[in-house]
Amino acid sequence: MNLFNFTANFGSEESCRLHFKEERDKIGVQCKCGSKEHFWIKSRWSYECKKCRSRISLRSGTIMQSSNLSFLIWYKTMFLLTATKKGFSSKEIQKQLGLKRYEPVWSMVHKLRKAMGNRDARYTLEGMIEFDEGYFTIESSEIEQEKGIRGRGAVGKSNVAIMAESTILEDIETGGKIKSLQIF
């Protein structure tokens with residue numbers, strides 16, 4: 001999703017809340033009494049349990065629980081964290097969103113990164129896998145180490161371009177399929 005599509009779909013607090021509610025309804029809401037049946041109270045933006053009448057906020061049981069930051073801020077942060085390969089620091093997100101306090105932004109970013117990591121851990125790669133870019137550490141000369149270079153040209157780090165291709169080939173003798181890996 002690009003910036004224009006994001007702004008068109010999630011340009012206001014209400015559009016973000018409605019989207020979040022739709023996604024939350026798909027998963028389901030469970031009360032502390034165990035009931036999964038509830039009413040929606042639009043004026044309070046909360047659920048009410050049909051069994052025990054306790055109220056459950058839209059944020060309850062999610063990573064947004066106990067946060068005073070708006071849904072719009074959360075959605076903008078999710079967009080920024082996923083919009084680029086390089087990523088954003090908490091300080092940069094604070095600056096981009098025009099927020100005064102660093103601590104809530106830091107907490108939000110770490111909760112989102114943890115949730116993204118937990119989600120990624122549930123899946124394994126299979127089928128066709130593409131590898132975009134990679135950097136491998138190789139030993140550098142003593143001259144480079146003495147210069148004290150920082151960043152990508154840092155001590156002990158050199159960029160090495162590697163390209164690999166994995167294809168399934170047919171064995172001529174047996175007719176069976178074998179995998180071939182070529183490294184360039």
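Residues numbered from 1 in each chain as written. Predicted model: local features only at pLDDT ≥ 70, side-chain atom pairs only at ≥ 80, totals over all residues. Heavy atoms only, no water.

**Examining helix α2 (residues 13–27)**
- For α2, spanning 15 residues, the distance from its first C-alpha to its last is 21 Å, which sits close to the expected 21 Å at 1.5 Å a residue.
- Taken residue by residue, α2 has Cys-16, Phe-20, Lys-21 and Arg-24 as its buried positions. Seen along its axis, α2 keeps its buried residues to an arc of 135°; they face one direction.
- Against the buried residues of α2 lie β1 (38–41), β2 (46–49), β3 (55–57) and α3 (71–82).
- Positive backbone phi, approximately 105°, marks Gly-28, located one or two places after α2. (Helix = DSSP H or I, 4+ residues; strand = E, 2+ residues; numbered from the N terminus. Expected span 1.5 Å × (residues − 1). Buried < 20%, exposed > 50% of the residue type's maximum accessible area, 1.4 Å probe, protein only. Arc of directions from axis to C-beta. Contact = heavy atoms within 4.5 Å.)

**Some thoughts on the sheet that holds β3**
- Strand order across the open sheet formed by 3 strands is β1-β2-β3, with antiparallel pairing between neighbours. Sheet topology places β1 and β3 at the edges, where each strand pairs with a single neighbour. Going across the sheet, the axis of each strand differs from the next one's by a mean of 30°, ignoring polarity.
- Inspection of the sheet shows β2 paired to β3 by 3 bridges, in the antiparallel sense. Bridge pairing in β3 places Tyr-47 opposite Ile-56. (Pairing = 2+ DSSP bridges. Axes fitted to C-alpha atoms, helices over the stretch in contact; angles between N-to-C directions.)

**Some details on the layout of surface pockets**
- By volume, the largest pocket amounts to about 1000 Å³.
- Phe-20, Ile-63, Met-78, Leu-112 and Ala-115 are, among the 28 residues lining the largest pocket, the residues nearest its centre.
- For the lining of the largest pocket, the secondary structure elements donating two or more residues are α2, α3 and α5 (103–121).
- Looking at the lining of the largest pocket, its residues break down into 16 nonpolar, 7 polar and 5 charged. (1 Å grid on protein atoms, 1.4 Å probe; cavity = no way out; pocket = protein on both sides within 12 Å on 5 of 7 lines; lining within 4 Å. Points joined across faces, edges and corners; volume = space filled by probe spheres on them. Nonpolar A, V, L, I, M, F, W, Y, C, P; charged D, E, K, R; others polar.)

**What about the packing of aromatic side chains?**
- Scanning the entire structure with this criterion turns up 6 aromatic pairs.
- Between Phe-6 and Phe-79, the aromatic rings sit 4.7 Å apart at their centres with planes inclined by 25°, giving stacked as the arrangement. Here the residue Phe-6 occupies a position in helix α1 (residues 3–9), and Phe-79 occupies one in helix α3, the gap between them amounting to 73 residues. Per residue, the accessibility class of Phe-6 equals that of Phe-79, and both read buried.
- Note on Trp-40 and Trp-45: the rings are 5.6 Å apart at their centroids and 80° apart in plane angle, and the pair reads as edge-to-face.
- The buried category is assigned to Trp-45, whose relative accessible area is 17%.
- A cation sits over an aromatic face here: Arg-17 above Trp-45, 5.1 Å from the ring centre. (Phe/Tyr/Trp six-rings, centres within 6.5 Å; stacked < 30°, edge-to-face > 60°. Lys NZ or Arg CZ within 6 Å of the ring centre and 35° of its normal.)

**Concerning the packing of α3 against α5**
- Their axes nearest at 11 Å, the elements α3 and α5 cross at an angle of 55°. One way to sum up the angle between α3 and α5 is to call them oblique. In this structure, α3 crosses over α5, and the sense of that crossing is right-handed. Judged by residue contacts, Ile-73, Trp-74, Thr-77, Met-78, Leu-81 and Thr-82 of α3 engage Met-108, Val-109, Lys-111, Leu-112, Arg-113 and Met-116 from α5. (Parallel < 35°, antiparallel > 145°, perpendicular 65-115°, else oblique. Left-handed = near helix turned anticlockwise from the far one by under 90°.)

**Topic: unusual backbone geometry**
- With a phi close to 50°, Trp-45 is a non-glycine residue in the positive phi region.
- For Arg-53, which is not a glycine, the phi torsion comes out positive at approximately 65°.

**Here we look at the packing of helix α4 (residues 90–97) against α5**
- One way to put it is that α4 packs onto α5 with a least axis distance of 9 Å and a crossing angle of 120°. The angle between α4 and α5 falls in the class oblique. At the point where α4 passes α5, the crossing takes the right-handed sense. Contacts between α4 and α5 involve Ser-90, Ile-93 and Gln-94 from the former and Val-105, Trp-106 and Val-109 from the latter.
- Classifying every residue of the contact of α4 with α5 by side-chain character gives 4 nonpolar, 2 polar and no charged.

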